[in-house]
Amino acid sequence: FSSFRRDAHHSVLDDNKLLTLPSGERLGIPDNMRIILEVDSLKQATPATVSRCGMIWFSNDTLSDAMRLQHLLDDLLTEDISGVGASEG
C-alpha cells in the first residue's frame, strides 16, 4: 500500500466506516457492504491494519497451481453459459 492508500483504508476499517478520498471528501460505507483486500505481502502492513482485519494466510505450498487450475475448471464446468433465463439489460 502506498501511504495514501494505507491511510485511506484505515478510515474504512475503523468504527466510523468512512472512506476519505484524496480530495478530502468522505463517503460513508453502508452496514451491508463488506470490503475484501487481497495482498501478496504484508511488508507494509501496520499493526493498525493487522489489528483491524481478519486474515487468512496460505503458504505457496498450501494451494498448488494444479489445485487452483482444477478449481477454475470446476467453476467453468458449472457455469451456465446458455443464456436461458438471463435477464436482458
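Residues numbered from 1 in each chain as written. Predicted model: local features only at pLDDT ≥ 70, side-chain atom pairs only at ≥ 80, totals over all residues. Heavy atoms only, no water.

**Focus on the overall build of the chain**
The helix and strand inventory of the chain stands at 3 helices and 2 strands. Within the chain, buried positions represent 9% of all 89 residues. Contacts in the chain between residues at least 24 apart in sequence constitute 30% of all its contacts with a sequence separation of at least 6. With the model as given, the accessible surface of the chain reaches about 7,900 Å², and the carbon-plus-sulfur share is 55%. (Helix = DSSP H or I, 4+ residues; strand = E, 2+ residues; numbered from the N terminus. Buried < 20%, exposed > 50% of the residue type's maximum accessible area, 1.4 Å probe, protein only. Contact = heavy atoms within 4.5 Å. Areas by Shrake-Rupley, 256 points an atom, 1.4 Å probe, with all protein chains shown as cover.)

**Side note on the pattern of salt bridges**
Applying the stated criterion across every chain yields a total of 2 salt bridges. D31 is the partner of K17 in a salt bridge, and the nearest nitrogen-oxygen pair spans 3.7 Å. Of this pair, K17 sits in the loop between α1 (3–13) and β1 (18–20) while D31 is found in the loop between β2 (26–28) and α2 (47–52), placing the two residues 14 residues apart along the sequence. In this structure K17 comes out as partly exposed when scored by relative accessible area, which is 23%. (Salt bridge = Lys/Arg side-chain N within 4 Å of Asp/Glu carboxyl O.)

**Some thoughts on a nonpolar patch on the surface**
Judged by side-chain polarity, V39, L42, V50 and M55 come together as a nonpolar surface patch covering roughly 330 Å² of accessible area. Judged by relative accessible area, which is 41%, M55 ranks as partly exposed. (Patch = residues over 30% accessible without salt bridge, like charges linked within 9 Å, V, L, I, M, F, W, Y side chains within 5 Å.)

**Details of a negative patch on the surface**
A surface patch of like charges, here negative, comprises D74, D75, E79 and D80. Mapping D74 onto the fold places it in helix α3 (residues 65–78). Classification of D74 by relative accessible area gives partly exposed; the value is 36%. (Lys, Arg positive; Asp, Glu negative; His and termini not counted. Charge placed at Lys NZ, Arg CZ, Asp CG, Glu CD.)

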